[in-house]
2 protein chains.
Amino acid sequence: MQGYPQPLERLIMQLQKLPTVGPKTAQRLAFFMLTLPDIETKQIAEAIMEVKENLSDCKICGTITDINPCHICSNPRRDPQIICVVEQPDDLWAIERTESHKGLYHVLGGVLSPLDGVGPDSLRIDTLFNRVHNGAVKEVILATNWDTEGQATALYLTQHLEQFQVSVTRIAYGIPVGGDLEYIDEVTLAKALEGRRAV
Amino acid sequence: MQGYPQPLERLIMQLQKLPTVGPKTAQRLAFFMLTLPDIETKQIAEAIMEVKENLSDCKICGTITDINPCHICSNPRRDPQIICVVEQPDDLWAIERTESHKGLYHVLGGVLSPLDGVGPDSLRIDTLFNRVHNGAVKEVILATNWDTEGQATALYLTQHLEQFQVSVTRIAYGIPVGGDLEYIDEVTLAKALEGRRAV
């Protein structure tokens, strides 16, 4: 039996590193790349190389950026008095897309997870405290996810931010806009009731 | 609103060239690559480059290969009297995995499809006729797919191979091994009845 030529076999193996890509998908993607013009596959390969070479963590907020400090931290029109704390850069971009936050960000780079060996020292928590301590920060918005680790991280930050003259808020949890009450899980519904506001 | 950094945006765009990869999947794959160690993403990028640089079409059978002629055509233990005709290299590898074909192959590089402007001249049909004409070929097995174009191509080849002293066969269509009669479509079932053999 004759298998795939070496370079093809290698590409199929490499593509399987990616999430949700198993042997069959890797094979399909590899065959597809064979049919692309040389210039197109070259562009894909170069984009993969460049993403690692030309990006670094912003030295202020910790997000992934091509300039340092990042576009947000170096933008004089953003309000430095409000810092929104998120777990990962993609959370930052998700909030940016809403165009509702005019302040700055702080990317923790993860959440507290003692079982996985992630303590406060593994995250960008010290630099957050430094920013709050040294800057004219008035509000810290905690936008970690609503799961065990995200909640624990929010709690930890709330407790430790008490020492600074700063108001700490948590983003609201409730019914998604357009959501149907009938299909909303109980925890979300309970949170929505708890967080009710006067109309 | 601040979007993704340029190199990340570019990678997300590039990944969307791949089949079944939309904006969300491209984003997920790109973020994942950011978390990989440099050496791992480099290996992926290199594998993509190499697959185009180091592979070519076998000058005899037309399959994709890293040596020319390919491992199969240059293997003296394969039977040169039997040529199995397939549409694409992946069909060849599918048959190779069965370890049931000891002869050689001929990869057409597609199927006849007049509506898409694919005529006999666009496929490796002339080289097939040359091989049959010049070699000691006794049997040509047509293993194109059982769809309109695959069938039309098989018919075209059958008619034109008549001029040579060669037996032309078509791979069998019928119930897949382990298949349940109840769930088999009528065309396959009709083919299975038509192709019945004495036990």
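Look a little higher up for the structure.
Source: prediction; values computed, not measured. (Residues numbered from 1 in each chain as written. Chains lettered and ligands numbered in written order. Predicted model: local features only at pLDDT ≥ 70, side-chain atom pairs only at ≥ 80, totals over all residues. Heavy atoms only, no water.)

## Description of helix α1 (residues 6-15) of chain A
Three or more residues of α1(A) are buried, namely Pro7(A), Leu8(A), Leu11(A), Ile12(A), Gln14(A) and Leu15(A). Taken around the axis of α1(A), the buried residues stretch over an arc of 165 degrees, which confines them to a single face. Where the residues of α1(A) are buried, they touch α2 (23-35) of chain A together with α3 (38-53) and α4 (89-98) of chain B. (Buried < 20%, exposed > 50% of the residue type's maximum accessible area, 1.4 Å probe, protein only. Helix = DSSP H or I, 4+ residues; strand = E, 2+ residues; numbered from the N terminus. Arc of directions from axis to C-beta. Contact = heavy atoms within 4.5 Å.)

## Let's talk about the packing of aromatic side chains
Summed over the entire model, instances satisfying the criterion amount to ten aromatic pairs over all chains. Plain terms: the ring middles of Phe31(A) and Trp93(B) are 5.6 Å apart, the flat faces sit at 5 degrees to each other, and that makes the pair stacked. Taken as a pair, Phe31(A) in helix α2 and Trp93(B) in helix α4 lie in two separate chains rather than in one. For the pair formed by Phe31(A) and Trp93(B), the shared burial category is buried. Through a chain of ring-to-ring contacts, three or more aromatic side chains come together here, namely Tyr4(A), Phe31(A) and Trp93(B). (Phe/Tyr/Trp six-rings, centres within 6.5 Å; stacked < 30°, edge-to-face > 60°.)

## Quick notes on the nonpolar core
Core analysis: the biggest nonpolar cluster contains 70 residues, and Leu8(A), Leu15(A), Leu8(B) and Leu15(B) have the highest contact counts within it. Discounting chain neighbours no more than four positions away, the residues touching Leu8(A) are Ala30(A), Phe31(A), Leu34(A), Val51(B), Leu55(B) and Trp93(B). (Core = buried A, V, L, I, M, F, W, Y, C linked by side-chain atoms within 4.5 Å.)

## With respect to the relation of the copies chain B and chain A
Here chain B sits on chain A after a turn of 180 degrees about the axis and a move of 0.0 Å along it, with an RMSD of 0.1 Å. Overall, the copies show the geometry of a two-fold rotation axis. Of every C-alpha in chain B, the one belonging to Ala45(B) sits nearest the axis of rotation, 2.2 Å from it. When the interface residues of chain B are mapped onto chain A, 100% of them again lie at the interface, so the same face is used by both copies. (Least-squares fit on C-alpha atoms with pLDDT ≥ 70 in both.)

## Let's talk about the pattern of salt bridges
Scanning the model with the defined rule gives 14 salt bridges over all chains in all. For Lys191(A), the salt bridge is made with Glu194(A), and the minimal N-O distance between the two is 3.3 Å. Here the residue Lys191(A) and the residue Glu194(A) both occupy positions in helix α7 (residues 186-194), the gap between them amounting to three residues, near one helical turn. The exposure class assigned to Glu194(A) is exposed, which follows from its relative accessible area of 57%. Between Glu96(B) and Arg78(B) there is a salt bridge whose closest N-O contact spans 2.8 Å. Separated by 18 residues along the polypeptide, Glu96(B) in helix α4 and Arg78(B) in the loop between β2 (64-65) and β3 (79-86) bring together distant segments of the chain. As far as the burial class goes, Glu96(B) and Arg78(B) line up, both buried. (Salt bridge = Lys/Arg side-chain N within 4 Å of Asp/Glu carboxyl O.)

## Points about the sheet that holds strand β4 (residues 103-107) of chain A
All names here are of chain A. The parallel open sheet is built from four strands, whose spatial order is β4-β3-β5-β6. Two strands lie at the open edges of the sheet, namely β4 and β6 (167-170), each paired on one side alone. Across the sheet, the axes of successive neighbouring strands diverge by a mean angle of 25 degrees, strand direction being ignored. For strand β3 (residues 79-86) and β4, the ladder comprises five bridges, and the chain directions are parallel. Its bridge partner being in β4, Cys 84 is matched across the sheet by Tyr 105. Strands β3, β4 and β5 (139-142) of the sheet are contacted by helix α5 (residues 126-134), whose axis makes an angle of about 155 degrees with β4. The strands touched by helix α6 (residues 148-161) are β3, β5 and β6; relative to β6, the strand with the most contacts, the crossing angle is about 165 degrees. (Pairing = 2+ DSSP bridges. Axes fitted to C-alpha atoms, helices over the stretch in contact; angles between N-to-C directions.)

Read these as geometric descriptors, not functional statements.
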